Every structure is written in C-alpha cells, then in structure tokens.
Amino acid sequence: MHIDARNLENNSVIQGDICIIGAGTAGISMALDWIDTPYKVILLEGGGFEYDDQVQNLYDGETTGQRYYPLKSTRLHYFGGTTGHWAGMCSPFDPIDFIKRDWVPNSGWPISRKDLDPFYARAHEKLQLGPYNYEFTYWKKELPNLIPFSLDEKVIWNKMWQYSVARFGKLYGDTITKAKNIHLYTYANVVDIITNGTITDIKEVVVKNHAGKTHKVRAKHFILACGAIQNARLLLASNSQAAQGLGNDNDIVGRYFMEHIEHASAELWLSKPFPTKLYSWSYGARASAELAITEKVQTENRILNGTVSLYPLAFSRNLDSEMDVWNNEDPRKSAENFRESISEAREAAKKVNEGSISRAFQLHTRIEQAPNPNSRVTIGAEKDDLGVPKTRLNWELTRLDKRSIRKIYQLLGQQMGISGLGRVRLREFLRDENDNSWPEDLNAGWHHMGTTRMSDNPKRGVVTSNCQVHGISNLYVAGSGCYATSGAPNPTLTLVALSLRLSDYVKDKM
Ligand SMILES: Cc1cc2nc3c(=O)[nH]c(=O)nc-3n(C[C@H](O)[C@H](O)[C@H](O)COP(=O)(O)OP(=O)(O)OC[C@H]3O[C@@H](n4cnc5c(N)ncnc54)[C@H](O)[C@@H]3O)c2cc1C
C-alpha cells in the first residue's frame, strides 16, 4: 500500500507494529522480509519514486579533513536509495575482519563471519546475485577462461566478487506497494525521534515534508535505515530529551566514520603478456577476483585487510581521479561526469601504440580504513529546509592506513618477482616510508560506515550485537553504520545480511 504523506491531513497520527525509517537498500531488504506477516509495517521514505532536488538538498552538508565528495552527491534520497546509482560489486567480509586484531585499535565485532553466513545467503536473493559461493575453485569451473596468476597461495589469494544489477526502486517498487501489510509513506521525512520520559523507549517519530505537513508515527519497534551518515545525524539531532542526542551517552554516535580507500597506488609491468581478465572488472561479468593478502601474512605484518585489482595502464593513466570528477553537488551530474571521464580514458587508450604498454597495468587499492574516533559525523548550527541540523563530516585517516597500502604492494612486488611474472612500481605518494601525508585527490568508494558502531559494551559502541541502540529497548539501526571495522569489500552485501539478521531479531521480539 502506498500513501503520499503530502496528501494526508496535517498532524495525522500513523500507527503500526514496526516502523522502518528509510526505503533504501537496508530498509527495503527488511520490509520485503515482513510481507505477509501478521504485522502492520510502516515504511517511511523521505523522497518519492523519482529524484527530487528539493528532497536531495536535505543531504547537503559540510566536509573537513581529508578531501571528500560533496555530501549531497554521495547518497540518493528517494525510494530505492543509493542502489539507484551503485555499481553492484559484492563480496563478503573475511573471517579476520570480525576479530579483534591487536595491531588495529578498536577492532573486533561481537559477532563472527559464521554468524553472518546464513544471512549472506539470504542477502544474495535480495540482491539477485549468483550462488553464495566465493571459492575460487568453484568459479574456476564455472568460468574456465578466468586464469589466475601463479603466486604463492600462502601469501596471496584470489578474493572473488559477484555483481548485482539490482536497483531496488525499480526492482521492488511493485512488490512493496502491492503488499497488504506494508504501508509505504513517501515524502515522509523523519526529523525527530521522541522517547518516553526516561529515554528508554521510543514513543513516536515526527515526519515532515516540503508541503508543510507534519505527522507523527507510533509503533512498537523503530528501525533507522537512512544510511550511515544520516542515521547518526538523526540520532544526534534528536536532542530535545537527551542533550547529546539519542544513544549518545558515551559520545560515540557519529564517531569512527570509515570509508574504503580506493586508489591507483602502483603499476605492474608483466614480463610477458598474460590474460588478466580474472582481475579486471567489466560490465556484465558474473564474477571476477582481486589479489588479497592472506590472514596469516596480514597478521605477521600487522597490516589492514586490502585487495588489489588491475586496470590497463594505457586506460587508467588517462583517467581523472574520482575525487576530482565526482565534484558536482547534483549526484546525477557527478555520475555523468564520472561516466564521461571513463569514456574519454577509453578513447585515449585506443590511440596508444601497442607494445610494452599492453603488459602494463595500474594496480588499484581497495582497503579497509582503521577505526578512528576523530573521523566523525557531527551536526552543525545550520539547518535544512525541514529544520534538521545539517551534517558535518570530518574524514580522517591514520598512519596504519598508509603503511598497510605500502606493505601490500611490497608483498605483491616480492611475489611477482619470485614467480618471474613481473615487477611492481609504487606510485610516488607511497615511496617515502616517513611520509604519512595523502594525495589531495585520494579516492574513496562512496562507502559510509561505522557511525553507529556495534559493541556489546555501551561504552565502546552505539548498538548491541543485534543492532539495538544501547539503553533504548525498541530502537534499532540497519546498515553499515553498525560496522565495527570496515573490511576491504564494498559494504552493501554485508549491510543487507545484517539487516536481515536484525529482521529476524525483531520478529522474535514481536
Ligand atoms: C557511486 C556509488 C557506487 C557504489 N557502488 C557500490 C558497490 O559497487 N558495491 C557496494 O557494496 N556498495 C556501493 N555503493 C554504496 C551503496 O550504495 C550503499 O552501501 C547502500 O546503498 C547503503 O544502503 P542504505 O540502505 O544504508 O542507504 P541508502 O540506499 O542510501 O538508503 C537510505 C534511504 O533512506 C531514505 N532517507 C534518508 N533520510 C531519511 C529520513 N530522514 N526520513 C525518511 N527516509 C530517509 C533515503 O531517501 C533512502 O531511500 C556505492 C555508492 C555510490 C554512491
């Protein structure tokens, strides 16, 4: 069932059993899981079914620290959320990503990869991926033309990826609006979360839109699924009863913001031509791999988890950095600039004289960011059109991040040399071991994580291992804000898995 909240009588009171705030990747994944249950689900979406600049403006904010994309351009504010322009790259986190590593401050989740495995399998269905199987041996049989480098498996392994083409808005719009027990309200922006007197239960949320309407939504359970930055912002902005914001008694909400550093970091010069299709992403591919460092070698070298992919140098040296290209406040224009820069680099590559360059590749890093309390989301004094304080993001990296990238390439270089496959040449910014600065155009993956981190200890995290906000019995967070560490893979598969796990937990409580 679909209701446009702009057409409701002002000051309406909406009631249901559970209220999911945000109909993006996490919110829709959860809502689908509740179809045909005996419960009335209220699904609140700030935007409509199409892009709307007035609503998108609500994502406007300020950034400091390491240069970042314009905040308004990094998420899509309408039904279906940011799957509207995501790239669909999926791979699960590794077992090491969940454990406490003594060389990674603030690492360690209260759950393990095994706990998530059944939910990863269910997330595969929602994202319309292939089988939940990331073993290279499986994919080698499926796609025999994918040839691996012959490297020491004790040091380097092939981490597999699958690709989703799911755009949740288009894919699930009909299913959600036709479901009898799912009540989708569009143009229903949550602007405030109201608790009982003791701040242990949520009583209602306040919804507003640009038509000047205000409504209240009451439910037994509330799930925040607005994206990692926005969820933190809403908790911080709901400060009429708790001065520091909700769930923020220990000043953790918004802290530990993490991204994935995704940057051209080195070159690989092969001694002779090699079919590198396995290591290159291409449209329409079912699977590909990235070169990854084994858990044992990560531990020995006390580095973060990261992977490496290959792009032909003739193409990638003509490619502008994403941080320079994705620079328009309007996400559609940024995406267009991005596509144009890829086409231009492809054209430039065609003009390159073949020869040794066809054996040369750009090595592209994808690495987790070490959790850092100073890398954080706060709210400023300026407010958006609906009266919610705007986001301020301070993105801050650490020495461990840089040392890990450098070490990954040193290890890869050694292995390439030993096997006689070729040579690795570090990019300038990695050569001086004492230089901890970062290039101005350092690229990030548009992945927002860690702002409502998970820990069983309320002094160290915002949500419990079940994604419930500490101290508030009926408020939960769905999404990558709950990550304690960010893993190397892109976040969406894991956040869908975590949302489905949360869905089961709330069902049990009901
Ligand atoms: C260019 C780009 C490429 C990407 N590629 C990949 C990739 O290849 N692989 C990958 O794993 N990830 C990728 N991502 C990241 C991926 O898009 C996000 O991880 C994912 O969409 C986050 O899901 P979410 O549900 O938390 O947020 P969203 O999908 O952004 O959904 C949030 C929803 O909440 C709604 N909302 C926000 N505020 C409110 C409010 N106050 N009240 C009501 N509703 C509200 C929004 O309108 C939206 O519908 C990419 C992102 C970008 C920008």
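Please refer to the structure placed before this passage.
Let me sum up the structure you'll find in this document. (Residues numbered from 1 in each chain as written. Predicted model: local features only at pLDDT ≥ 70, side-chain atom pairs only at ≥ 80, totals over all residues. Heavy atoms only, no water.)

### Things to note about the environment of Tyr69
Spelled out, the test is: Working definition: helices are DSSP H or I runs of at least four residues, strands are E runs of at least two. Numbering for both runs from the N terminus. Residue contacts are defined here by distance: any two heavy atoms, one from each residue, within 4.5 Å place the two residues in contact. Definition of a polar contact: a pair of N or O atoms within 3.5 Å, with one able to donate and the other able to accept a hydrogen when the atoms are protein atoms, and with sequence-neighbouring residues admitted only if both atoms are side-chain atoms.
With respect to the helices and strands, Tyr69 occurs in the loop between strand 5 (61-65) and strand 6 (89-90). C-alpha separation for the pair Tyr69 and Ala444, spaced 375 residues apart in sequence, amounts to 8.5 Å. Other than its neighbours up to four places away in sequence, Tyr69 contacts Thr63, Thr74, Glu322, Met323, Trp326, Asn443, Ala444 and Trp446. Within the local environment of Tyr69, its side chain forms a polar contact with the backbone oxygen of Ala444, the two atoms lying 2.5 Å apart.

### Let's talk about the site of the ligand
Threshold: Whether a residue is near a molecule or strand depends on its heavy atoms: if one lies within 4 Å, it is near. Accessible surface is estimated by sampling points in the Shrake-Rupley manner with a 1.4 Å probe; for residues, cover comes only from the protein chains shown. In this classification, Asp, Glu, Lys and Arg are treated as charged, Ala, Val, Leu, Ile, Met, Phe, Trp, Tyr, Cys and Pro as nonpolar, and every other residue, Gly included, as polar.
Residues in close proximity to the ligand total 37 residues, the closest being Thr25, Ala26, Glu45, Thr82 and Thr492. Note that an oxygen atom of the ligand is positioned 3.4 Å from one of the backbone N or O atoms of Ala23. Notes on the ligand: free accessible area 990 Å², of which the protein chains cover 98%. Of all the elements in the fold, those that place two or more residues in the shell around the ligand are helix 1 (25-33), strand 9 (189-195), helix 7 (228-237) and helix 13 (492-509). Partitioned by chemical class, the residues of the shell around the ligand number 19 nonpolar, 16 polar and two charged.

### Quick look at the packing of aromatic side chains
What counts is decided by this rule: Aromatic pairing here means that ring centres of Phe, Tyr or Trp (its six-membered ring) are within 6.5 Å. Orientation follows from the plane angle: under 30 degrees is stacked, over 60 is edge-to-face, and everything else is tilted. Charge over a ring is defined by NZ of Lys or CZ of Arg lying within 6 Å of the ring centre and within 35 degrees of the ring normal.
The full count for this structure, using the stated rule, is 22 aromatic pairs. An aromatic cluster is present here, built from Tyr68, Tyr69, Phe257, Trp326, Phe338, Trp395 and Trp446 joined pairwise through their rings. Stacked on the ring of Tyr256, the Lys or Arg Arg453 has its end atom at 4.2 Å from the ring centre. Note that Lys507 overlies the ring of Trp34, its terminal NZ or CZ placed 5.6 Å from the centroid.

### Observations regarding the sheet that holds strand 13 (residues 261-270)
Spelled out, the test is: Strand pairing is assigned whenever DSSP detects at least two bridges linking the two strands.
Strands sit in the order 6-7-14-15-16-13-19 across an open sheet of seven strands; the sheet is antiparallel. The outermost strands of the open sheet, each flanked by one partner alone, are strand 6 and strand 19 (422-426). Here two bridges tie strand 6 to strand 7 (residues 156-163), and the two strands are oriented antiparallel to one another. What sits directly across from Cys90, in strand 7, is Gln162.

### Some thoughts on the pairing of strand 11 (residues 214-218)
Applied cut-off: Relative accessibility decides the category of a residue: with a 1.4 Å probe and only protein chains considered, values under 20% of the type maximum give buried, values over 50% give exposed, and everything between is partly exposed.
The two faces of strand 11 differ: His215 and Val217 on one face are buried, but Thr214, Lys216 and Arg218 on the other face are not. In this sheet, strand 11 lies alongside strand 2 (residues 13-15) in parallel orientation, the contact comprising three bridges. For Ile14, the partnering residue across the bridge sits in strand 11 and is Val217. Here four bridges tie strand 10 (residues 202-208) to strand 11, and the two strands are oriented antiparallel to one another. Along strand 11, the bridge assignment pairs Lys208 with Thr214. Linkage of strand 10 to strand 11, two consecutive antiparallel strands, is achieved through a turn of five residues, within which Gly212 is found at a positive phi near 85°.

### Thoughts on the pattern of salt bridges
What counts, and what does not: In the sections that follow, a salt bridge refers to a side-chain nitrogen of Lys or Arg positioned within 4 Å of a carboxyl oxygen of Asp or Glu.
Counted under the stated rule, the structure contains 29 salt bridges. In this structure, the salt-bridge partner of Asp4 is Arg6, at a minimum N-O distance of 2.7 Å. Under the relative-accessibility criterion, Asp4 is labelled buried at 15%. The closest approach of N and O atoms between Lys296 and Glu300, which form a salt bridge, is 2.8 Å. Taken together, the residues Lys296 and Glu300, both in helix 8 (residues 295-301) and four residues apart, mark about one turn of the helix. One salt-bridge network, in which partners are shared between bridges, spans Asp33, Arg122, Asp504 and Lys507.

All quantities given are derived from atomic positions and should not be read as evidence of function.
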